[in-house]
Amino acid sequence: MEDMTLVLFGATGDLAKRKLFPALYNLYLDGKLPAKLSIIGLGRKYISDEDFQSNVEKALRAYSRRSVQASNLPDFLSKFRYFTFDATIKESYEKLLELVESRENELGIPQNRLFYLSVAPSLVDVITTNLHASGLDQNEGWKRLIIEKPFGSNVKTARRLNDKLRKTFSEEEIYRIDHYLGKPMVQSLNTLILANPVLDSLLDQKLISNVQITASEVVGVETRADYYDKAGAIRDMVQNHLLQLVMMAALYLPENLAENKSRAKKTGIIESLRPIPKEEAHQHVVRGQYEAGEIHDVPVIGYTEEQGVGASSKNDTYFAARLAIDHPSWEGIPFYIRTGKRMDKKSTQIVVEFKHKMVDPDRLPGTSPNLLVLEISPNESISLRVNLKEPSDNQFKPVWIDFSTNSENQPEAYELLLFDAILGDSTFFAHWKEVELSWEWIEPLLEAYQEDLLPLHTYRAGSTGPEAADELLQKGQHKWW
Ligand SMILES: NC(=O)C1=CN([C@@H]2O[C@H](COP(=O)(O)OP(=O)(O)OC[C@H]3O[C@@H](n4cnc5c(N)ncnc54)[C@H](OP(=O)(O)O)[C@@H]3O)[C@@H](O)[C@H]2O)C=CC1
Ligand SMILES: O=C1O[C@H](COP(=O)(O)O)[C@@H](O)[C@H](O)[C@H]1O
């Protein structure tokens, strides 16, 4: 691992506090940070280095998955410096360069620089332009840029943003964060299948009936109405996280694809995703919005009553769709995806349902389809549902065989992703072609939204979503698991 500098734009923000500082600390505890590391945090308000380090410490105490150890904390904090910086002022970059270089010289660090843009998308252009103009990116070592979501709000704005980034960084130097790609279960899909030939043999195209990907949340819009009411579930969760999960599942589940995990293959999946023309969207897509309801016996308000949301908002807080992948490995196997806020439970999972037609219900009463469930979060597990006979009534009953690891102390997505970026491994970052193709696939659906071609269904907070989403699966004689 090479010694380096991490320049963190947005070091006084929420993401830095809740995710990035804890991720860095846990990497440190695991010995996964470079021996010599200079971290320079940036924000507009004046903060001394000591106060900044104390803010980092507070963030660790509040959010780190492992408790803070007094014995190593001073060494960890000594890597941090703070610089008062306004991204819109050109001179700030020249002074920043002086600080970066002075720390590099002081610590004997080569000019390897990782720039993390944990700031609003509106600042990305001005920052990358000035990184270049000031010479911060003209270093002798490597340079990398980590960029947060959202990556555009449609295909046009995403392309514009990418063109701007590409003026300063090459595609290989850009690390687009999709934190679902950092979840440990998602990262280990490939090796999981390869390490378990038994799973491999189950994941045979001839045996699979359909694949279901769910990302349900209990939380509502929280304090983010300003952003969320414009984005909706389709931009917030579907274009990025769900389509990435579709690519990962489609790529790694069948054995014939598992061997080659090249970028071209992942792009191949998203390229094969059959477009849904806007006129046909209502046959394949369900959009919904939560109404008042109850979650775990606590009453919660409806979406349009949330602070910052207009009473007439038509924004989607739920999205479900039936997808077809025109790829030889997935011919005739539908992928169902759904995501929603204020649902009955927090769960991200991939379910593979196996064909059941060959089982004779007269000879074997009570059987149900076999299922393979890969739970991604909040817990990590693999479960297989099989049919067992009840001796008492001669009926079969579904029984779960569960394999789960103790996931209490699993690394967080940001830890795995930051580590990869430090190493220069971009496998689990969203590459431009994937992002662009995802937006292209989403575009007709956005148009259908705009032209009101898709009804907005409502669902009670605390439920499993609109009834229309159940009907979507019933058309194919399937049901959500
Ligand atoms: N928070 C989260 O959970 C998640 C956030 N993201 C993304 O991460 C990014 C950051 O989000 P978050 O931390 O929540 O945002 P915050 O609003 O909490 O923080 C924004 C940061 O940007 C800094 N900033 C704002 N204007 C300027 C400026 N002109 N010059 C320099 N710094 C500036 C602020 O510093 P100061 O005010 O001190 O200048 C602050 O550190 C966004 O792109 C967001 O979409 C993605 C997923 C989850
Ligand atoms: O990116 C986002 O993800 C979270 C859900 O992430 P998870 O890791 O808790 O599953 C979602 O709440 C948020 O709206 C979205 O911006």
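Conventions adopted
Residues numbered from 1 in each chain as written. Chains lettered and ligands numbered in written order. Predicted model: local features only at pLDDT ≥ 70, side-chain atom pairs only at ≥ 80, totals over all residues. Heavy atoms only, no water. 1 Å grid on protein atoms, 1.4 Å probe; cavity = no way out; pocket = protein on both sides within 12 Å on 5 of 7 lines; lining within 4 Å. Points joined across faces, edges and corners; volume = space filled by probe spheres on them. Helix = DSSP H or I, 4+ residues; strand = E, 2+ residues; numbered from the N terminus. Nonpolar A, V, L, I, M, F, W, Y, C, P; charged D, E, K, R; others polar. UniProt positions renumbered as here; feature names shortened; annotations may be inferred. Contact = heavy atoms within 4.5 Å. Domains from an automatic or database assignment. Near = heavy atom within 4 Å. Polar contact = N/O pair within 3.5 Å; in protein donor to acceptor, adjacent residues only side chain to side chain. Areas by Shrake-Rupley, 256 points an atom, 1.4 Å probe, with all protein chains shown as cover.

1. Details of empty space enclosed by the protein
A full pass over the atoms with the stated rule returns two cavities of 30 Å³ or more. Surrounding the largest cavity, 15 residues form its lining, F151, I177, N240, A430 and V435 being those nearest its centre. Secondary-structure elements contributing two or more residues to the lining of the largest cavity are α10 (225-252) and α15 (432-450). Examining the composition of the lining of the largest cavity, we find that four residues originate from one element, α10, more than from any other. If you add up the space inside the second largest cavity, you get close to 30 Å³. Residues belonging to the lining of the second largest cavity are distributed by class as follows: seven nonpolar, no polar and one charged.

2. Here we look at the UniProt feature "binding site: NADP(+)" (unreviewed entry) in the chain
On the UniProt side, "binding site: NADP(+)" (unreviewed entry) is annotated at positions that read G10, A11, T12, G13, D14, L15, A16, K17, R44 and K149 here. Filtering the just-named annotated residues for those lining the largest cavity gives K149. Within the secondary structure layout, G10 lies in the loop between β1 (4-9) and α1 (14-29). Each residue touching G10, except ones within four places of it in the same chain, is listed here: A16, L42, S118 and V119. Within the secondary structure, L15 is located in helix α1. When sequence neighbours within four positions are dropped, the list of residues in contact with L15 reads L20, Y116, S118, E148 and Y414.

3. Focus: the domain arrangement of the chain
Partitioning the chain into structural domains gives domain 1 (4-148) and domain 2 (181-410 + 433-475). The straight-line distance from the C-alpha centre of domain 1 to that of domain 2 is 36 Å.

4. A few points about the site of ligand 2
Residues in close proximity to ligand 2 include K149, H179, Y180, K183, E217, R224, D236, M237, H241, K341 and K346, which together make up its full environment. In this structure, an oxygen atom belonging to ligand 2 sits 2.6 Å away from a side-chain N or O atom of K183. One of the side-chain N or O atoms of E217 is found 2.5 Å from an oxygen atom in ligand 2. Protein contact buries 81% of the 400 Å² of open area that ligand 2 shows by itself. Among the residues forming the shell around ligand 2, the class breakdown is two nonpolar, two polar and seven charged.

5. Description of the environment of T458
Mapped onto the secondary structure, T458 falls in strand β17 (residues 456-460). Expressed as a C-alpha distance, the spacing of T458 and Y318, which sit 140 residues apart in the sequence, is 8.9 Å. For T458, the residues in contact, after removing those within four places along its chain, are Q289, E291 and P466.

6. Digging into the site of ligand 1
Of all residues adjacent to ligand 1, which total 19 residues, the nearest are T12, D14, R18, R44 and A87. Between R44 and ligand 1, the recorded distance is 2.6 Å, taken from a side-chain N or O atom to an oxygen atom. Here D86 contributes a side-chain N or O atom positioned 3.1 Å from a nitrogen atom of ligand 1. Out of a free accessible area of 880 Å², ligand 1 has 73% covered by protein chains.

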